Amino acid sequence: MEKTRNILLVGEGNFSFSLSLCCSSLETHHITATCYESEDVISRQPDVWDNVQQLQGHGADVYFGVDATKLKEHACSANKPYDRVIFNFPHYGRKAGVKKNRNLLAAFFCSCTDILSPEGDIHVALCQGQGGTPADQPIREWHNSWQVVAMAAKAGFILSAVVPFNNVLYTGYQCTGYRSQQKAFFTEGALNHIFTRSLPLETLTPLKAIYALTETEPSFLIPEETDGYIHRWLARDVCHPARILNEELLAFVGESVPVIRLEDTFPLVCRTSCGTAIPWCSVPSACLYYVRSNKDEASSRTSCPEEPMQRCYLYNCKIKTHHGIHEDCTGQSSVTHYLRPSLTYLLDEIIHGPDFVPSSLYTLSGPVFRKCLVSRSTMPVYHETLILWGYQSNVITTKLQLIMDTVTKAVESLMFIYEQAILDKEMNQKVNAMNSKLSFHQDPTDDQYTIIISTAFSNQVVGSINKIEPQQIDINFGLIFMTLNLDLMSMCLLNIPDWQMLWTLDERFIQQYDKRQLKLFQTISLYPPCYTHDVSFWVGEDEEFDELEFHSLALRVSKGTVTNIQLKDRFEDSQVGRISLCYRLTYQSCDRALSYEVTSQMQLLLREELQKCLHVTVR
């Protein structure tokens, strides 16, 4: 039996839409219809009053003098929570410009927050071109539209769907209200915009993990408060696409070679003494997230009193030399702690374990951390799979080819599954959604292979294959090891446009894969608004500006909503020995409501943090 839905209609003109909806619902909905005009005005319009009486005869509630921007103040709020709020063709009245209509929409959405159920939705029908989204044809210029998505974001709502507004579906409906008159208006090409609540704008989960780990005493144990969300998909989210992809890949590999799966009980924080080299780990030191211990904090205060604490936190008060060796402020070598940037940093611990058998193929999956420039396809935290296989010199070519062939066939078999039915004019056709291709590219200078997935839109490096010669390690056999970026592979194969979606807590994402089957991703936030802000600052002649730190800082301050950073201008003032840099930051969220006011506040905070953390002078 269908659940009875509690529906509120605001801004009704002649109540014909409410009556049509009430008659077609077959008593499965409880209708509350409201209008802005007073009961006295409505009662003097015979046709409209007749619709009101029919509504009441069907058990609907009718209220007069209801301001859609102050719903909480009216008697209709007594029927809350509503499962749906409908506002058809809102208009400020008379010859109101787009700004007044935007303000009307913004106030209406804010008014809905107190009366809408948590799982409820809001329907807003707008005439052709008014919404300002790509769904409008033709598309108006942004400044000349009502910017409905941006107005909804002010109240924490995201656009979940856009469908044509079809008058034919509502028997007896007559649109009226042209310039606040009892005249019809043009509705051809009108669209119905459906909004739902977004999650609160909180710091992104992987960023929480980074700062929780880097701000604590270095430890080889995973902090309890961090484990819950950094291992979320591995432990509990069995429907997460990255986990499903990993399981599918390893199952396919296991059909050709017996696989031993290692459990990720290894620490997230690694350490190494200065000068200790790890030849098979090629992650640049600048990409490491260094961790400061309490001891480091104390020494930084005495040895570097002029350095702000944030500076010591970011760099661990270590000086990077051209040899990659880290020294403290006194020139003494010391132990450096950092978040593991790759599972390859654990190779030494794995191969010297008591149960390691060189002839067996081992796999390990878990999160890794790297500083990176802000991009939709590069991520500070991602899930990596390591495939490790010992070899003797006479079989390395055979084993290497077997691994490459197996992984290629596994990805090709998975891509074959990603066919989906689409409506192509008069018939359904099954097409390969992405036409992706996996390939291996060998570095001519060594034996390393780069693993690339090519799609119709881009080529992404998703992993690599390397080997370790026996003389590089204290054992009598060599090693072949492959790394795969599961998050990036999921994005390429499932058409997920932003890495942050893989870390969303919105259940609508996981529900798409609740049957543990991979399929093309369906967006949960259509046409999210995009905002740009510029920041300019001076860098001293003797100061070294670290762009990775700047990007990491911007990502933290924006709670993960900065999607692009571009250097727009660079000017060197030789007279005062300073360099001026101007960057343009783009803010956008793929799953959370983001308003211009919020991004402006983030930009102000960024200006403050830049001066504290990076020793620059903001202009």
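For the structure given in this document, a descriptive report is provided here.

Cut-offs applied
Residue positions within a chain follow its written sequence, with the count starting from 1. The model is predicted, so local features are restricted to residues of pLDDT at least 70 and side-chain atom pairs to those at 80 or more, both for listing and for counting; the totals for chains, interfaces and linings are taken over all residues. Side-chain measures were taken over the full set of non-hydrogen atoms in the model, leaving aside hydrogen atoms and water. Ring geometry is summarised as follows: Phe, Tyr and Trp rings, the Trp one being its six-membered ring, pair when their centres sit within 6.5 Å, and such pairs are stacked at plane angles under 30 degrees, edge-to-face over 60 and tilted between the two. Helix and strand definitions follow DSSP, with helices as H or I runs of at least four residues and strands as E runs of at least two, each counted in order from the N terminus. Only protein chains enter the accessibility calculation, which uses a 1.4 Å probe. A residue is then buried if its area is under 20% of the maximum for its type, exposed if over 50%, and partly exposed in between. Note on geometry: a ring has a charge over it if NZ (lysine) or CZ (arginine) is within 6 Å of the ring centre and within 35 degrees of the ring normal. We define a salt bridge as a contact between a side-chain nitrogen of Lys or Arg and a carboxyl oxygen of Asp or Glu at a distance within 4 Å. Strand pairing follows a simple DSSP-based rule, namely that at least 2 bridges must link the two strands. We call two residues in contact when some of their heavy atoms are within 4.5 Å. Every angle, taken between N-to-C directions, lies between 0 and 180 degrees, and every axis is a line fitted to C-alpha atoms, over only the stretch in contact when it is a helix.

**Section: the packing of aromatic side chains**
Move 1: Applying the stated rule across the entire model yields 23 aromatic pairs.
Move 2: Relative to Phe64, the ring of Phe15 lies with its centre 6.3 Å away and its plane at 70°, an arrangement referred to as edge-to-face. In this pair, Phe15 is assigned in the loop between β1 (5-10) and α1 (16-24) and Phe64 in the loop between β3 (61-63) and β4 (82-88), connecting sequence segments 49 residues apart. One exposure class covers both Phe15 and Phe64, and it is buried.
Move 3: Taking the centre distance of 6.1 Å and the plane angle of 40° together, the rings of Phe109 and Phe157 count as tilted. Residue Phe109 is found in helix α4 (residues 98-112), and its partner Phe157 is found in strand β6 (residues 157-164); the two are separated by 48 residues along the sequence. Grouping residues by exposure puts Phe109 and Phe157 together as buried.
Move 4: Here a set of aromatic residues connected by ring pairs shows up, and it is made of Phe87, Phe108, Phe109, Phe157 and Phe195.
Move 5: The positively charged end of Arg556 is found above the aromatic ring belonging to Tyr211, 5.8 Å away from the centroid.
Move 6: Here Arg578 stacks its cationic end above the ring of Trp538, 4.2 Å away from the centre of that ring.

**Describing the pattern of salt bridges**
As a working rule, side chains carrying opposite charge can pair if their charged atoms are close by.
Move 1: By the definition in use, this model includes 14 salt bridges.
Move 2: A salt bridge links Asp498 to Arg376, with the shortest nitrogen-to-oxygen separation between them at 3.1 Å. Taken together, the residues Asp498 in the loop between α14 (486-494) and α15 (507-510) and Arg376 in the loop between β14 (361-369) and β15 (381-391) connect sequence positions 122 residues apart.
Move 3: Salt bridges here are not isolated pairs; linked through shared partners, they connect Arg556, Glu609 and Lys612.

**Points about the sheet that holds strand β22 (residues 531-540)**
Move 1: Spatially, β23-β24-β22-β25 is the arrangement adopted by the 4 strands of the open sheet, whose pairing is antiparallel. Looking at the sheet topology across the chains shown, the edges are occupied by β23 (562-573) and β25 (617-618).
Move 2: In this sheet, strand β24 (residues 578-587) lies alongside β22 in antiparallel orientation, the contact comprising 10 bridges. Within the sheet, the bridge partner assigned to Val535 lies in β24 and is Tyr583.
Move 3: Its contacts with the sheet put helix α16 (residues 547-557) on β22, β23 and β24, and the angle it makes with β23 is roughly 135°.

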